[in-house]
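Report on the structure
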Amino acid sequence: MNPVIGLDVAKGESQVQAFLDKKKPYKNSFKVSHTLEGLDMLHQYLREIENLTGVKPPIVLEATGHYHTPVVQYFEDRDYLLIIVNPLISYRAKSSSLRKVKTDIIDANHLCEMYYKEDLEPYKKRGIQLLNLRNLTRQHENLTGIFVQTKLQFQAVLDQVVPEYRGVFGDLYSVVSLLTLLDYPTSNDVVETGEETIATRIKVHCKSRSRRWADVKAKKLIAAAARNPFQKTLYQSHILTLKMYINMLLEYQKHLSVFEVEIDALAKELIEYKIIQSIPGIGEKIAATIISEIGEIDRFIHPKKLVAFAGIDPSIFESGRFKGTVNKITKRGSSRLRRALYLAVKCAIRDCRKKKMTQEIIPRNKRLREFYDKKREEGKPYKVAVIACANKLLQWIYALLKSNSPFQDIA
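Residues numbered from 1 in each chain as written. Predicted model: local features only at pLDDT ≥ 70, side-chain atom pairs only at ≥ 80, totals over all residues. Heavy atoms only, no water.

Concerning the side chain of aspartate 8
With respect to the helices and strands, the residue aspartate 8 is situated in strand E1 (residues 4-10). Aspartate 8 gets classed as buried once you look at its relative accessible area, which sits at 9%. Here aspartate 8 is in contact with Glu13, Ser14, Gln15, Asp104, Asp107, Ala108 and Leu111, once residues within four sequence places are set aside. (Helix = DSSP H or I, 4+ residues; strand = E, 2+ residues; numbered from the N terminus. Buried < 20%, exposed > 50% of the residue type's maximum accessible area, 1.4 Å probe, protein only. Contact = heavy atoms within 4.5 Å.)

Structure, rendered in C-alpha cells:
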C-alpha cells in the first residue's frame, strides 16, 4: 500500500484527508486546529494509518505563507516526510476538473490525488541560521519600505512649514538634522531663539563635531528662516504632524540599525556570505539577502533550478507552427531574490575609478560588464540585458557555492 495524507492548510486549522492507496480514500475528511492538542490528534490519526498499512504516510500540503509553519515544525520533529506544494501547481491540478467547485474537503482530496499523479519533491529542511537570517532580512526590507513612505509624508508636511530647511544640513534625515528641526520647527522659533543658543543646541545633538561646525549650521538655519515663505504657520496641525513624523523617523532609524547589526553578526558566521561577497558589485546587504533566500545550495540539483526559483527564467509560448519570440521572465520565484540580483547587477556593471589619483574608469565587475556590453551590442534593450546578466550572475553563485570557492575576477 502507498498511503498519503493531504492537508488543506488555513489560518489556525487544516482540513485532513487520508488515502490508503490510489483512489482509496480512508474515512471521512475532518478538521484539526493548529494547537498542540489538535496536532497530537492528527498524529494519532497518522499512526493509525501506519499501523493499518505498515507504511509511514507522507504529508502533502500547500505553501501558505506562514500558516503551515506549526504543522511543518511539529511533524519534522517526528521524522515524517513532508511535501510542500507550490500553490500554482495545486491550482493547475484543481482546474483540471470541468466542474467549478471549491471547498476545503475537495482541496484536501486534490492534494492526495496529486501525490499519485505528479512527481513531487520532498521538503528539505533548512538550517536555523539561514532561516533566522531570512527572517531578519525580510523584516529589514519591510521596515525600510515603511521608512521610505514616512519620509515622503514628512517631506510633504515640511514643504508646507519650512521648505528652506532642506539645505541646512548635508543629510536631511541625519539624527542631528531631525533633532534640530524638532527643537525649532518654524521660522519664528529660529528667530526668537537666536544664533548662539541654536549653535549650542546643535553641538549638544552632535558631540562628535566641533563648535565651529555648529556655528556654521546655526548661521545657515538663520538664513533659511529668513528665506522661508511661511514666516507664520497658520496651521498648528502641520507642526503637530511634523513633530510626529520626526519622532517616527528617529525610531525607524534605531530599529533599522538593530536589524543591520543582527544581520551582519549572523551572516558573518556563514561561509557562503564571504563567498558571495567575493563577487565584485555585491555588498553586505545584498549578499545577506541572496544567501538567506537561496538557503542551502544542495536544495537545487542544477543551476537552472535555481534560476527558476528566482523567477528569471524566460517563459515559453508555442502553439502549432507559432513560436513566441518576445518572451518575458516567469516571475514565479522569490521576488526578494530577484530584486537583490537586479540591484547586484546594476552595481556590478556601473563604472568607477580604479584609483582616486587617476582618471582611469573601469567597471566594478569586468566580466559581467563585458557580458552586458555584448548583449547591448546585439541590440538587446537595457532591462533585457540586465536580466541576462542576473541569470549569468546566479549561475556563477551556484557554481561558487557548490565548489565552496571565491570568485576570481579578471584584472
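Moving on from the model shown.
Here we look at helix H15 (residues 366-377)
The terminal C-alpha atoms of H15 lie 16 Å apart, and with 12 residues this matches the ideal 16 Å at 1.5 Å per residue to within 8%. Residues Leu368, Arg369, Phe371, Tyr372 and Lys375 constitute the buried set of H15. All buried residues of H15 project into a common sector of 160° when viewed along the axis, lining one side. Among the residues of H15, the N-terminal cap falls to asparagine 365, whose side-chain oxygen and the backbone nitrogen of arginine 367 are separated by 3.4 Å. Remark: glycine 379 follows H15 within two positions and exhibits a positive phi of approximately 95°. (Expected span 1.5 Å × (residues − 1). Arc of directions from axis to C-beta. Polar contact = N/O pair within 3.5 Å; in protein donor to acceptor, adjacent residues only side chain to side chain.)

Thoughts on the pairing of E1
The side chains of a regular strand alternate between both faces of the sheet. Within E1, 6 of the 7 residues are buried, which leaves the element mostly enclosed by the surrounding structure. Relative to strand E2 (residues 13-21), E1 runs antiparallel, the two sharing 7 bridges. Paired with glycine 6 across the strands is glutamine 17, a residue of E2. Hairpin connection between E1 and E2: a loop of 2 residues separates the two successive antiparallel strands, and glycine 12 in this loop has a positive phi of roughly 85°. (Pairing = 2+ DSSP bridges.)

What about the sheet that holds E1?
Read across the sheet, 5 strands follow the order E3-E2-E1-E4-E5 without closing on themselves; strand pairing throughout is mixed. Every interior strand has two partners, whereas the edge strands, strand E3 (24-33) and strand E5 (82-85), have only one. Recorded for the sheet is a direction-independent mean angle of 20° between the axes of neighbouring strands. Strand direction decides the pairing type here: E2 and E3, joined by 7 bridges, are antiparallel. Following the sheet pairing, serine 14 is matched in E3 by valine 32. Taken strand by strand, helix H1 (residues 36-53) contacts E1, E2, E3 and strand E4 (59-62), and its axis lies near 165° from that of E3. Strand contacts of helix H2 (residues 69-76): E1, E2, E4 and E5, with the helix running at about 160° to E5, the strand carrying the most contacts. (Axes fitted to C-alpha atoms, helices over the stretch in contact; angles between N-to-C directions.)

A word on the pairing of E4
Side chains Ile59 and Leu61 of E4 all project onto a buried face; the interleaved residues Val60 and Glu62 project onto the opposite face, where all are buried too. Of the pairings in the sheet, the one linking E1 to E4 comprises 3 bridges and is parallel in character. Across the sheet, leucine 7 pairs through a bridge with leucine 61, a residue of E4. Where E4 and E5 come together, 4 bridges link them in parallel fashion. Bridge pairing in E5 places valine 60 opposite isoleucine 83. Of the crossover connections in this fold, the one passing from E4 over H2 to the parallel E5 is right-handed. (Right-handed = clockwise from strand over helix to strand, strands pointing away.)

Section: the packing of helix H6 (residues 175-183) against helix H8 (residues 195-205)
Any two packed helices are characterised by the angle at which their axes cross and by the distance between the axes. H8 packs onto H6 with a crossing angle of 140° between their chain directions and a minimal axis gap of 9 Å. Classified by the interaxial angle, the pair formed by H6 and H8 is oblique. For the pair H6 and H8, the crossing hand works out as right-handed. Note on element contacts: H8 touches H6 through Arg201, Ile202 and His205, opposite Val176, Leu179, Thr180 and Asp183. (Parallel < 35°, antiparallel > 145°, perpendicular 65-115°, else oblique. Left-handed = near helix turned anticlockwise from the far one by under 90°.)

Remarks on the pattern of salt bridges
Scanning the model with the defined rule gives 15 salt bridges in all. Glutamate 164 serves as the salt-bridge partner of arginine 227, at 3.1 Å between the closest nitrogen and oxygen. Of the two residues, arginine 227 is situated in helix H9 (residues 211-227) and glutamate 164 in the loop between helix H5 (128-158) and H6; the sequence distance between them amounts to 63 residues. Close ionic contact of aspartate 373 with arginine 369 constitutes a salt bridge, the shortest N to O distance being 3.0 Å. Taken as a pair, aspartate 373 and arginine 369 lie in helix H15 at a separation of 4 residues, close to a single helical turn. Judged by its relative accessible area of 29%, aspartate 373 is partly exposed. Taken together, the salt bridges that share partners define one network made up of Glu196, Arg211 and Asp215. (Salt bridge = Lys/Arg side-chain N within 4 Å of Asp/Glu carboxyl O.)

So, the packing of H6 against helix H10 (residues 236-267)
Two elements in contact, H6 and H10, have axes whose closest approach is 10 Å; the angle formed by their N-to-C orientations is 155°. Considering the angle they form, H6 stands roughly antiparallel to H10. Relative to H10, H6 is oriented so that their crossing is left-handed. Facing Val175, Leu178, Leu179, Leu181 and Leu182 of H6, the residues of H10 in contact are Leu242, Lys243, Ile246, Asn247, Leu249, Leu250 and Gln253. In the contact of H6 with H10, the residues fall into 9 nonpolar, 2 polar and 1 charged. (Nonpolar A, V, L, I, M, F, W, Y, C, P; charged D, E, K, R; others polar.)

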